[in-house]
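Analysis of the macromolecular model
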Amino acid sequence: MKISGVDIRPGNILEYENGIWKVAKTQHTQPGKGGAFMQVEMKNLIDGRKTNVRFRSEDRVERVRLDTKDFQFLYPEGDDLVFMDVETYDQITLPSDLLGDAAAFLQDGMTVLLEMYNERPISVQLPEQVEATIVEADAVVKGQTASSSYKPAILDNGVRVMVPPHIESGTRIVVDVYERSYVGKAG
């Protein structure tokens with residue numbers, strides 16, 4: 001589906017210069033002289049390159065719809081990750097860098113959403129929040145009574161997050177996967 005250059009929004013998937021790009025940021029500019037344009041920051045979903053492109057209102061660009069499918073994480077294999085289609089039970093091996101920093105939050109049996117373009121996996125989306133156990137938490141510093149005082153803690157997957165002072169080692173918490181932040185106690 002072709003859309004106008006000024007109708008591009010963050011999160012859109014575009015076909016541009018023989019690549020598949022995800023829009024990260026947009027800024028609409030209307031200079032005093034000349035036509036309006038949309039400054040678009042995009043990331044290539046195939047090779048990870050980033051680019052900034054200026055689209056005028058009369059420019060047409062192809063908006064792409066990705067197919068989504070549920071997969072279950074099975075196990076890591078070197079630098080790769082093995083997933084299974086929950087409908088057909090077919091297994092697929094993907095490079096771990098397709099998940100980026102979120103790969104640390106993968107858990108055995110976790111259901112993830114695979115986005116595919118022409119039957120080719122483009123990205124993997126984990127649940128927004130996961131449960132994790134704290135294995136190490138710093139002691140509370142006396143006198144730190146401000147409501148915004150958080151302390152560093154290390155989760156069972158090695159990720160470091162900031163938690164409230166009352167959270168101790170061994171506590172199960174809910175963590176936002178993409179913000180890497182404390183959400184609340186699990187349970």
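Keep in mind that what you see is a predicted model, and the values were worked out from it rather than measured. Starting from 1, residues in each chain are numbered consecutively following that chain's sequence as written. Whole-chain, interface and lining totals are the exception, using all residues; otherwise, since this is a predicted model, local features are given only for residues with pLDDT of at least 70 and side-chain atom pairs are given and counted only at 80 or more. Side-chain figures throughout are based on the complete set of non-hydrogen atoms in the structure, without hydrogens or water.

1. Regarding the UniProt feature "domain: Translation elongation factor P/YeiP central" (unreviewed entry) in the protein
The cut-off we apply is this: UniProt positions are given in the numbering used here, feature names are shortened, and annotations may be inferred rather than shown by experiment. Per the convention used, a helix needs a DSSP run of H or I reaching at least four residues, while a strand needs a run of E reaching at least two, with both numbered from the N terminus.
Under the UniProt annotation, the feature "domain: Translation elongation factor P/YeiP central" (unreviewed entry) is placed at residues 68-122. Here residues 68-122 is 0% helix and 56% strand, with 10 Å between the C-alpha atoms at its ends.

2. Thoughts on the sheet that holds strand 9 (residues 91-95)
We count it as follows: Strand pairing requires that DSSP identify at least two bridges connecting the strands. Fitting a line to C-alpha atoms yields each axis, with helices limited to the stretch in contact; the angle taken between N-to-C directions then spans 0 to 180 degrees.
If you trace the five strands from one edge of the open sheet to the other, you get 9-8-7-10-11, paired in antiparallel fashion. Only two strands of the sheet have a single neighbouring strand rather than two, namely strand 9 and strand 11 (120-125). The average undirected angle you get between the axes of adjacent strands in this sheet is 45 degrees. Judged from the five bridges that link them, strand 8 (residues 80-85) and strand 9 form a sheet pairing that is antiparallel. Counterpart to Phe83 in the pairing with strand 9 is Ile92.

3. Comments concerning the packing of aromatic side chains
To keep it simple, the criterion reads: Centres within 6.5 Å make a pair out of two Phe, Tyr or Trp rings, where for Trp the six-membered ring is used; the pair is then stacked when the planes are under 30 degrees apart, edge-to-face when over 60, and tilted otherwise. With a 1.4 Å probe rolled over the protein chains alone, any residue whose accessible area is under 20% of its type maximum counts as buried; one over 50% counts as exposed, and the rest are partly exposed. A positively charged side chain is recorded as over a ring if its NZ (Lys) or CZ (Arg) lies within 6 Å of the ring centre. The angle to the ring normal must also be within 35 degrees.
The final tally for this structure, using the stated rule, is two aromatic pairs. Ring geometry for Tyr16 against Phe55: centres 5.5 Å apart, planes inclined by 75 degrees, an arrangement best described as edge-to-face. With Tyr16 in strand 2 (residues 13-16) and Phe55 in strand 5 (residues 50-56), this pair connects stretches of sequence that are 39 residues apart. With a relative accessible area of 4%, Phe55 lands in the buried category. Of note, Arg54 hangs over the ring of Phe37, and the distance from its end group to the ring centre comes to 4.2 Å.

4. Things to note about the side chain of Asp85
What counts is decided by this rule: Between N or O atoms, a polar contact is any pair within 3.5 Å; within protein, one atom must be a potential hydrogen donor and the other a potential acceptor, and residues adjacent in sequence are included only when both atoms are from side chains. Whether two residues are in contact is decided by their heavy atoms, any of which lying within 4.5 Å being enough.
Mapped onto the elements, Asp85 comes out in strand 8. Looking at Asp85, its side chain comes within polar contact range of the side chain of Lys69, at 2.8 Å. Those residues within four positions of Asp85 in sequence are excluded, and the remaining contacts are Lys69, Asp70, Phe71 and Asp90.

5. Points about the pairing of strand 6 (residues 60-63)
Bridging between strand 1 (residues 2-4) and strand 6 involves three bridges; their strand directions are antiparallel. Directly across from Ser4, in strand 6, lies its bridge partner Arg60. As paired strands, strand 2 and strand 6 are joined by two bridges and run antiparallel to one another. Directly across from Glu15, in strand 6, lies its bridge partner Glu62.

6. Things to note about the pattern of salt bridges
Worth spelling out the cut-off: For this analysis, a salt bridge means a side-chain nitrogen from Lys or Arg found within 4 Å of a carboxyl oxygen belonging to Asp or Glu.
In this structure the tally under the stated criterion is five salt bridges. Residue Arg56 pairs with Glu58 through a salt bridge whose shortest N-O separation is 3.3 Å. We note a salt bridge from Glu131 to Arg172, for which the minimum N-O separation is 3.2 Å. Within this pair, whereas Glu131 is found in strand 12 (residues 129-137), its partner Arg172 is found in strand 15 (residues 172-176), the two being separated by 41 residues in sequence. On the basis of relative accessible area, Glu131 is assigned to the partly exposed category, the value being 35%. Salt bridges here are not isolated pairs; linked through shared partners, they connect Arg56, Glu58 and Asp59.

7. Let's talk about the domain arrangement of the protein
We apply this condition: Here the limits of each domain have been adopted from an automatic or database domain assignment.
Taken domain by domain, the protein consists of domain 1 (2-64), domain 2 (67-125) and domain 3 (129-185). A C-alpha centroid distance of 38 Å is found between domain 1 and domain 3.

8. Things to note about the sheet that holds strand 15
Strands sit in the order 14-13-12-15-16 across an open sheet of five strands; the sheet is antiparallel. The open sheet has two edge strands with one neighbour each: strand 14 (160-163) and strand 16 (181-185). Each strand axis lies, on average, 55 degrees off the axis of its neighbour in the sheet, ignoring direction. As paired elements, strand 13 (residues 151-155) and strand 14 share four bridges and run antiparallel to each other. Of the residues in strand 14, the one forming a bridge with Ala153 is Val161.

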